[in-house]
Structure formats: structure tokens, C-alpha cells
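Coordinates in review
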Amino acid sequence: MSHYHMYKAEAAITDGVAIQDILAAGKYATLAFARHDEPYLVTMNYGYDPEALALYLHSAPRGLKLEFARENPRVCGTVIVDGGYIPNRCSHAYHSVVFWGRVEFLETPEDKAYGLGVLIDCLEPDPAATRERLLSDPDRLQNVAVLKVTIDEVSGRTGK
């Protein structure tokens with residue numbers, strides 16, 4: 001759990017299984033990077049590995065987020081499962097998780113294939129066909145950056 005004290009304690013999600021469910025249900029994570037006094041925020045799709053308590057993401061082999069992550073691998077991120085706006089209540093139904101963690105660049109073809117496999121399994125309706133098409137080509141693995149974000153701390157919140 002987090003060291004952060006939530007203002008509305010009744011909105012806190014403290015059950016570890018519920019937090020895992022939110023991470024498993026989400027499709028996009030918004031990650032906050034920082035270097036020196038400059039912030040950078042990016043939203044990416046991801047795959048969640050509950051055994052490793054980690055998110056796997058993919059990217060082009062070059063770009064600003066990668067520069068930030070190389071200089072400072074610490075990130076903060078959020079995943080939201082959106083239940084939609086609640087009419088006539090000026091409220092929103094959601095479950096969210098805020099996490100703090102470390103970015104690791106996966107380098108070996110085996111590690112990259114594992115991370116991309118997790119992502120494919122979480123996002124694709126037919127993972128086997130997509131795995132066969134994308135993970136069997138070594139050139140595809142060479143020309144993609146695969147990031148692993150290991151979660152160190154996490155907090156959950158719900159809105160009704």
C-alpha cells in the first residue's frame with residue numbers, strides 16, 4: 001500500500017485483490033516521468049503480470065519517454081476503470097489505482113517476447129494468432145522497445 005493519506009478515506013480501496021482486479025481490467029496506464037525540473041506525461045496500453053506485480057509496455061525504439069526513463073527510471077502512474085458519468089448526481093463511477101515504480105528496459109529477445117506476450121494476452125481477443133504473427137519474427141523484437149514497470153507502491157480509490 002501507499003504512504004499517501006487519502007483525503008476521503010471512505011473512497012480508499014485497500015483490498016489487494018480489488019487493486020489487482022483493477023490493474024488486470026485496465027487497458028491504458030498514464031505514466032508520469034520526470035528529469036531535472038521537467039515533467040512528461042504519456043498514456044500507453046499495457047499488459048499486467050500479477051505474478052511480477054509489473055506492467056509491460058511497448059514503444060518505438062527512440063523517443064522522449066525513453067530519454068526520460070533512461071535519466072530517471074522512477075515513475076508514477078494511474079489506471080482507471082471508467083464506469084461513466086452519473087447523471088443528476090454530478091458524479092462519476094470509477095475505480096482507479098495510482099502506483100509508483102521503476103522502469104526497466106528489456107533487452108534480450110526472450111525478455112522482450114515475454115513482455116510483449118503479456119501485453120498481447122491482456123489486450124487481444126485472439127492472443128494465440130497475434131503471438132504467432134508478431135513474436136515469431138526476430139526483426140520485430142529487435143525494432144521495438146519493451147518496458148517493464150515494477151510496482152513498488154500502490155493505492156486504490158473508488159467513486160460512485
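Here's what I pulled together on the structure shown here. Values in this document were obtained by computation on a predicted structure and should not be read as measured data. (Residues numbered from 1 in each chain as written. Predicted model: local features only at pLDDT ≥ 70, side-chain atom pairs only at ≥ 80, totals over all residues. Heavy atoms only, no water.)

1. Observations concerning the pattern of salt bridges
For the structure shown, the criterion picks out six salt bridges. With a closest N to O distance of 3.4 Å, Glu38 and Arg35 form a salt bridge. Among the residues examined, Glu38 registers a relative accessible area of 37% and is labelled partly exposed. Owing to a relative accessible area of 13%, Arg35 belongs among the buried residues under this scheme. (Salt bridge = Lys/Arg side-chain N within 4 Å of Asp/Glu carboxyl O. Buried < 20%, exposed > 50% of the residue type's maximum accessible area, 1.4 Å probe, protein only.)

2. Thoughts on helix 2 (residues 64-71)
For helix 2, the full list of buried residues reads Lys65, Leu66, Phe68 and Ala69. Angularly, the buried residues of helix 2 cover 160° about the axis, an arc narrow enough to put them on a single face. Lining the buried residues of helix 2 we find strand 2 (28-35), strand 3 (38-45), strand 5 (54-59), strand 7 (91-106) and strand 8 (145-159). (Helix = DSSP H or I, 4+ residues; strand = E, 2+ residues; numbered from the N terminus. Arc of directions from axis to C-beta. Contact = heavy atoms within 4.5 Å.)

3. Here's the deal with the pairing of strand 7
Remember that side chains alternate between the two faces of the sheet whenever the strand is regular. Sheet analysis places strand 6 (residues 74-86) next to strand 7, joined by twelve bridges and oriented antiparallel. Looking at the pairing, Ile86 lines up with Ser91 of strand 7. Counting the residues between successive antiparallel strands, the hairpin from strand 6 to strand 7 contains four residues, one of them, Asn88, with a positive phi of roughly 65°. (Pairing = 2+ DSSP bridges.)

4. Observations regarding the packing of aromatic side chains
On inspection of all chains with the given rule, the structure shows two aromatic pairs. For the ring pair Tyr56 and Tyr114, a centre distance of 5.7 Å and an interplane angle of 80° mean the geometry is edge-to-face. Taken together, the positions of Tyr56 in strand 5 and Tyr114 in helix 3 (residues 109-123) put the pair 58 residues apart, joining distant regions of the chain. A relative accessible area of 4% places Tyr56 in the buried class. Note that Arg70 overlies the ring of Phe105, its terminal NZ or CZ placed 4.5 Å from the centroid. (Phe/Tyr/Trp six-rings, centres within 6.5 Å; stacked < 30°, edge-to-face > 60°. Lys NZ or Arg CZ within 6 Å of the ring centre and 35° of its normal.)

5. A look at the pairing of strand 2
Burial along strand 2 is one-sided: Ala29, Leu31, Phe33 and Arg35 are buried, while Tyr28, Thr30, Ala32 and Ala34, pointing the other way, are not. Pairing of strand 2 with strand 3, which is carried by eight bridges, proceeds in the antiparallel orientation. If you follow Phe33 over to strand 3, its bridge partner there is Tyr40. In textbook terms, the turn of a hairpin is the stretch between consecutive antiparallel strands, and for strand 2 and strand 3 this stretch comprises two residues, one of which, His36, has a positive phi near 55°. Note: strand 2 against strand 6, four bridges, orientation antiparallel.

6. Looking at the layout of surface pockets
A volume near 190 Å³ is recorded for the largest pocket. In this structure, the largest pocket is lined by His58, Leu116, Leu119, Ile120, Leu123, Glu124, Thr130, Leu134, Leu135, Arg140 and Val144. Sorting elements by how many residues they give to the lining of the largest pocket places helix 3 first, with four residues. Per-class residue counts for the lining of the largest pocket are seven nonpolar, two polar and two charged. (1 Å grid on protein atoms, 1.4 Å probe; cavity = no way out; pocket = protein on both sides within 12 Å on 5 of 7 lines; lining within 4 Å. Points joined across faces, edges and corners; volume = space filled by probe spheres on them. Nonpolar A, V, L, I, M, F, W, Y, C, P; charged D, E, K, R; others polar.)

7. Side note on the nonpolar core
If you look at the biggest cluster of nonpolar residues, it comprises 25 residues, and the most contacted ones within it are Leu31, Phe33, Leu55, Leu57 and Phe99. Elements represented by at least two residues in this core include exactly helix 1 (16-25), strand 2, strand 3, strand 5, helix 2, strand 6, strand 7 and strand 8. For this core, the element with the highest residue contribution is strand 8, accounting for five residues. Apart from residues no more than four positions distant in its own chain, Phe33 is found in contact with Glu38, Pro39, Tyr40, Val42, Lys65, Phe68, Ala69, Val75 and Val103. The next biggest cluster of nonpolar side chains, apart from the first, holds ten residues, and it includes Tyr56, Leu106, Val118 and Leu135. (Core = buried A, V, L, I, M, F, W, Y, C linked by side-chain atoms within 4.5 Å.)

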